[in-house]
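Close look at the chain arrangement
Take a look at the letters that make up each chain.
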Amino acid sequence: MKKLIILPSQDSPEVRFDPAGHLSISGISVPENVNLFYQEIFEWIEEFKSNMPSEVILDLKLEYMNTSSVKMIVALLKELHQYCEAEQSKFQVNWICDQDDEDLIEEGELLEESVGIKFNLVYT
Amino acid sequence: MIQNEQLKKMLNELSCHECVSDFLFVLYGKLDQDITISAIQLIERKMKLEGFSKGMITRTKMISIEILQNIVKHQEKHDRILPYFILGTREHQPTIFSGNVVNEGDREQIITKLNQFIALEKGEIRDKYIDAIENADLSEEGNAGIGLYDIVFRSNKNIKYNIDSLNDNLYTFDLNVSVN
């Protein structure tokens, strides 16, 4: 299985997904059509779930995003959480943000609540 | 010197009647995705320059992106009335004024969604917002349809809006969101 690497654009984040289990999404996510951008990510996850490693770490370092992207990220987190549980793989989400940015910290808490898993808060 | 009379009048009204002391960013005319992205970058830069906190800048950007992308998606063409987006400060807090022409269907959606969310108690808004993120369906165009909820939630209901009829099923939609 190949790595998924999507370089950042002016309205979409950088994506680096390694089949060994280290996944990261960073930057801004405000594409006009989230379906077009996130489709490739979900296709990769579909293949990844049949090759699930014992530990999956997802780094989320997002500066800001639109609501459609939030919905996509919640869906992605739920899928990964579900697959990891089914395969008894450890799933860790690192929410990476500035310690002084209380709104991004709260955004992480909102996502945690939506998905129902505890994030590891990492300050830059 | 501002040459456009309509914009000049609008800024004057905001200054005199809405107590806007500083204008940080003004956008007037048709919008698209590229202009939206550039606008957010300029808003961030300007707010940093003015010494706003990181949290306040993030909140303002998140609210602004929803307002601007809503305008991009729903702006109706009109020969006299153009979309606008103005970020100013009122009592040292950011406040956003925006407006565009919408059609009858959008008008109904706006009224229904805004009234539904504004009527909620502050404690209920967070739960409803999370519920909306989890359960909203994405359209083929990738719209979740929860941008207005997001604006109400992030502004702690500090919003005012007005819709006036033009003609031929077109309406002006003006929005004021205070960020605090």
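Definitions and limits used
- Residues numbered from 1 in each chain as written.
- Chains lettered and ligands numbered in written order.
- Predicted model: local features only at pLDDT ≥ 70, side-chain atom pairs only at ≥ 80, totals over all residues.
- Heavy atoms only, no water.
- Helix = DSSP H or I, 4+ residues; strand = E, 2+ residues; numbered from the N terminus.
- Rg over C-alpha atoms; globule rule 2.2 N^0.38 Å.
- Buried < 20%, exposed > 50% of the residue type's maximum accessible area, 1.4 Å probe, protein only.
- Contact = heavy atoms within 4.5 Å.
- Areas by Shrake-Rupley, 256 points an atom, 1.4 Å probe, with all protein chains shown as cover.
- Lys, Arg positive; Asp, Glu negative; His and termini not counted.
- Charge placed at Lys NZ, Arg CZ, Asp CG, Glu CD.
- Expected span 1.5 Å × (residues − 1).
- Polar contact = N/O pair within 3.5 Å; in protein donor to acceptor, adjacent residues only side chain to side chain.
- Axes fitted to C-alpha atoms, helices over the stretch in contact; angles between N-to-C directions.
- Parallel < 35°, antiparallel > 145°, perpendicular 65-115°, else oblique.
- Left-handed = near helix turned anticlockwise from the far one by under 90°.
- Nonpolar A, V, L, I, M, F, W, Y, C, P; charged D, E, K, R; others polar.
- Pairing = 2+ DSSP bridges.

1. Looking at the overall build of chain B
- Of the regular secondary structure elements, chain B holds 6 helices and 5 strands.
- For chain B, the succession of helices and strands along the chain, N to C, is α-β-α-α-β-β-α-α-α-β-β.
- Over its C-alpha trace chain B gives a radius of gyration of 16 Å, about what one expects of a compact globule, namely 16 Å for 180 residues.
- Within chain B, buried positions represent 51% of all 180 residues.
- Considering only contacts within chain B whose residues lie at least 6 apart along the sequence, 66% involve residues at least 24 apart.
- Accessible surface for chain B amounts to roughly 9,100 Å². Of this, 46% is attributable to carbon and sulfur atoms.
- Both charge centroids of chain B, one from 21 positive and one from 27 negative side chains, sit 7 Å from each other.

2. With respect to helix α1 (residues 5–17) of chain B
Residues and elements named next belong to chain B.
- Here α1 spans 18 Å end to end across 13 residues, near enough to the 18 Å set by a 1.5 Å rise per residue.
- Buried residues belonging to α1 abut β1 (22–28), β2 (84–90) and β3 (93–103).
- Near the N-terminus of α1, the side chain that reaches the backbone nitrogen of Q6, with its oxygen 3.0 Å away, is that of N4.
- Positive phi appears at C19, one or two residues downstream of α1, with a value of about 55°.

3. Considerations on the packing of helix α4 (residues 104–118) of chain B against helix α6 (residues 147–154) of chain B
All names here are of chain B.
- Orientation of α4 relative to α6, taken along the N-to-C sense of each, is 30°, at an axis distance of 10 Å. On the basis of the axis angle, α4 is roughly parallel to α6. α6 is crossed by α4, and the crossing has right-handed handedness. Contacts between α4 and α6 involve I110, K113, L114, Q116, F117 and I118 on the former and, on the latter, L148, Y149 and V152.
- Grouping the amino acids of the contact of α4 with α6 by side-chain chemistry returns 7 nonpolar, 1 polar and 1 charged.

4. Looking at the sheet that holds strand β6 (residues 120–123) of chain A
Residue and element names in this part refer to chain A.
- With mixed pairing, 6 strands are arranged side by side in an open sheet as β1-β2-β3-β4-β5-β6. The sheet terminates laterally at β1 (4–6) and β6, the two strands that pair on one side only. The mean inter-strand angle of the sheet, taken between neighbouring strand axes irrespective of direction, is 15°.
- In the sheet, strand β5 (residues 90–97) pairs with β6 via 4 bridges, with the strands oriented parallel. In the strand pairing of β6, N94 is matched with N120.
- Packing against the sheet, helix α1 (residues 34–48) makes contact with β1, β2 (14–17), β3 (22–29) and β4 (55–65), and its axis sits at approximately 170° to β1.
- This element, helix α3 (residues 102–115), spans β4, β5 and β6 of the sheet and lies at about 155° to β5.

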